[in-house]
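One letter stands for each residue in the lines below.
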Amino acid sequence: MRVFVRILSLLLGLALAAAGALLALEVGWTWARPVDGPLLVPWPAWRDRLAGLTWQDTEVRITAWVVAGTGLVLLLVALTARRRDIELLDPTPGVTVRTSPRSLARIVGTRVRAEENVSGASVTATARKVRVRASSGLESEEQLRPRLQEVVRTTLEDLPLTRRPRISVVVDSPRDRT
């Protein structure tokens, strides 16, 4: 969601920059050649049309509802696009420490991959759960899973996390397929 907000912000910024450049171009053209009329945008026709509108006209009300609805949608998108950091214990009063889920996953992944007979591992982490998917060609899941659960548990206990996430460990081993 954060990527969507960033792209949307970029597009809105580019649209405002283009509108500003167009306005500057039109103003410069009107100053240089006031008799020739507008360069690209028919300002006089728009001015005459807008002069005839009132707040009670249907077009004005529809435009207001569309702008208000778009604003609410953008507000909701921005509010849901927050970072989901993981809180750590505060070392001193007034100091708040947080880490990203990616950093926590890297720490756990490094320790899991360092274990014997683990050929690879992928780790995803949130504040509530750490998921480990390891692969091994030499040990079965029954042999390796308890050991990896203990490694993940001790790794998480070594970190000053405010709440302990649940642990999920899955081992993919060719020995289990036979």
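See above for the structure.
Note that the structure is predicted; figures quoted are calculated from it, not measured. Here, residues in each chain are numbered from 1, in the same order as that chain's written sequence. Thresholds applied to this predicted model are a pLDDT of at least 70 for local features of residues and 80 or more for the giving and counting of side-chain atom pairs; totals over whole chains, interfaces and linings are not thresholded and use all residues. Water and hydrogen atoms were dropped before computing side-chain values, which therefore reflect all heavy atoms in the structure.

**Q** Just to check I follow, could you spell out the overall build of the protein for this structure?
**A** The helix count covers DSSP runs of H or I at least four residues long, the strand count covers runs of E at least two residues long, and both are numbered beginning at the N terminus. When helices and strands are tallied, the protein shows 5 helices and 5 strands. What you see in the protein, going N to C, is helices and strands ordered as α-α-α-β-β-α-β-β-α-β. For the radius of gyration, the atoms used are the C-alpha atoms, and the globule rule reads 2.2 Å times the number of residues raised to 0.38. Relative to the compact-globule value of 16 Å for 178 residues, the protein shows a C-alpha radius of gyration of 29 Å, a clear excess of over 25%. Over its C-alpha atoms, taken along the principal directions, the protein stretches across nearly 85 × 45 × 35 Å.

**Q** Teacher, can you tell me more about the pairing of strand S4 (residues 129–135) here?
**A** Here the term buried applies to any residue with accessible area under 20% of the maximum for its type, exposed to any over 50%, and partly exposed to those in between, with areas from a 1.4 Å probe on protein chains only. Where burial is concerned, the two faces of S4 differ: the one with Val130, Val132 and Ala134 is buried and the one with Lys129, Arg131, Arg133 and Ser135 is not. Strands pair, by our definition, only if DSSP identifies at least two bridges between them. Following strand S3 (residues 120–125), the chain reverses through 3 residues before pairing antiparallel with S4. Taking the sense of rotation as the criterion, the β-α-β connection linking S4, helix H5 (residues 141–158) and strand S5 (residues 166–172) turns out right-handed. The handedness rule is simple: strands pointing away from the viewer, and a clockwise path from the first strand over the helix to the second, make the crossover right-handed.

**Q** Would you mind going over a positive patch on the surface with me for this structure?
**A** Each patch is built from residues that are more than 30% exposed by relative accessible area and take part in no salt bridge. Like charges join if they lie within 9 Å; nonpolar side chains (Val, Leu, Ile, Met, Phe, Trp, Tyr) join within 5 Å. All accessible-area figures derive from a Shrake-Rupley calculation using a 1.4 Å probe, and residue coverage is judged against the displayed protein chains alone. Salt bridges are defined as contacts in which a side-chain nitrogen from Lys or Arg sits within 4 Å of a carboxyl oxygen from Asp or Glu. His is not counted, nor are the chain ends, whereas Lys and Arg count as positive and Asp and Glu as negative. The location of each charge is read from NZ of Lys, CZ of Arg, CG of Asp or CD of Glu. On the surface, a cluster of positive charge is contributed by Arg128, Arg131, Arg163 and Arg166. Note that Arg163 resides in the loop between H5 and S5.

**Q** What exactly am I supposed to notice about the packing of helix H1 (residues 2–32) against helix H3 (residues 58–80) here?
**A** Orientation is described by axes fitted as lines to C-alpha atoms, over the contacting stretch for helices, and by angles from 0 to 180 degrees between their N-to-C directions. In contact at an axis separation of 10 Å, H1 and H3 are set at 135° when each is read in the N-to-C sense. Between H1 and H3, the angle is such that the two are oblique. Only Leu74, Val77 and Ala78 of H3 make contact with H1, whose side of the interface consists of Phe4, Val5, Leu8 and Leu12. Side-chain classes follow a simple rule in which Ala, Val, Leu, Ile, Met, Phe, Trp, Tyr, Cys and Pro form the nonpolar group, Asp, Glu, Lys and Arg form the charged group, and the remainder, Gly included, forms the polar group. Classifying every residue of the contact of H1 with H3 gives 7 nonpolar, no polar and no charged. Note on angle classes: values under 35 degrees are labelled roughly parallel, values over 145 roughly antiparallel, values of 65 to 115 roughly perpendicular, and the remainder oblique. When checking whether two residues touch, look at their non-hydrogen atoms; a contact exists if any pair is within 4.5 Å.

**Q** Just checking my understanding: could you explain the packing of helix H4 (residues 101–113) against H5 for this structure?
**A** Working note: a packed helix pair is described by the angle between its axes plus the distance between those axes. At their nearest, the axes of H4 and H5 sit 10 Å apart, and the two run at 135° to each other. With respect to H5, the axis of H4 lies oblique. Judged by the sense of rotation from one axis to the other, the crossing of H4 with H5 is right-handed. Contact residues: Leu104, Ile107, Val108, Arg111 and Val112 in H4; Leu148, Val151, Val152, Thr155, Leu156 and Asp158 in H5. Among the residues making up the contact of H4 with H5, the classes are represented as 8 nonpolar, 1 polar and 2 charged. Less than a right angle of anticlockwise turn of the near helix away from the far helix marks a crossing as left-handed, whereas a clockwise turn marks it as right-handed.

**Q** Honestly, the pairing of S3 in this entry has me stumped. Any pointers?
**A** Across 6 bridges, S3 lies against S4 in antiparallel orientation. Bridge assignment links Ser122 to a residue of S4, and that residue is Arg133.

**Q** Got a minute to help me understand the packing of aromatic side chains in this structure?
**A** Given two aromatic rings, their pairing is described by the distance between the two centres and the angle made by the two planes. By convention, a stacked pair of Phe, Tyr or Trp rings (six-membered ring in the case of Trp) has centres within 6.5 Å and planes under 30 degrees apart, an edge-to-face pair has planes over 60 apart, and any other such pair is tilted. The tally for this structure, following the rule as stated, stands at 1 aromatic pair. Both rings, one in Trp43 and one in Trp46, keep their centres 5.6 Å apart while their planes meet at 75°; by these two values the pair is edge-to-face. In this pair, Trp43 and Trp46 both sit in helix H2 (residues 43–51), 3 residues apart, roughly one turn of the helix. By relative accessible area, Trp46 is classed as partly exposed at 46%.

**Q** Can you help me understand the side chain of Glu139 in this one?
**A** The residue Glu139 is located in the loop between S4 and H5 in this model. Here a polar contact is taken to be a pair of N or O atoms separated by no more than 3.5 Å, where protein atoms must pair a possible hydrogen donor with a possible acceptor and residues adjacent in sequence count only if both atoms sit in side chains. A polar side-chain atom of Glu139 sits 2.5 Å from a polar atom in the side chain of Asn117.

**Q** Would you take a moment to explain the environment of Leu23 for this structure?
**A** Relative to the elements of secondary structure, Leu23 occurs in helix H1. Using a relative accessible area of 47% as the deciding quantity, one classes Leu23 as partly exposed. Distance in space between the C-alpha atoms of Leu23 and Gly137 is 66 Å, their sequence separation being 114 residues.

**Q** Help me out: how do you make sense of unusual backbone geometry in this one?
**A** Note on backbone geometry: most residues besides glycine have negative phi, and most peptide bonds are trans. For Asn117, which is not glycine, the phi torsion reads 70° and is therefore positive. Examined against the element boundaries, Asn117 turns out to sit in the loop between H4 and S3.

By themselves these figures say nothing about function.
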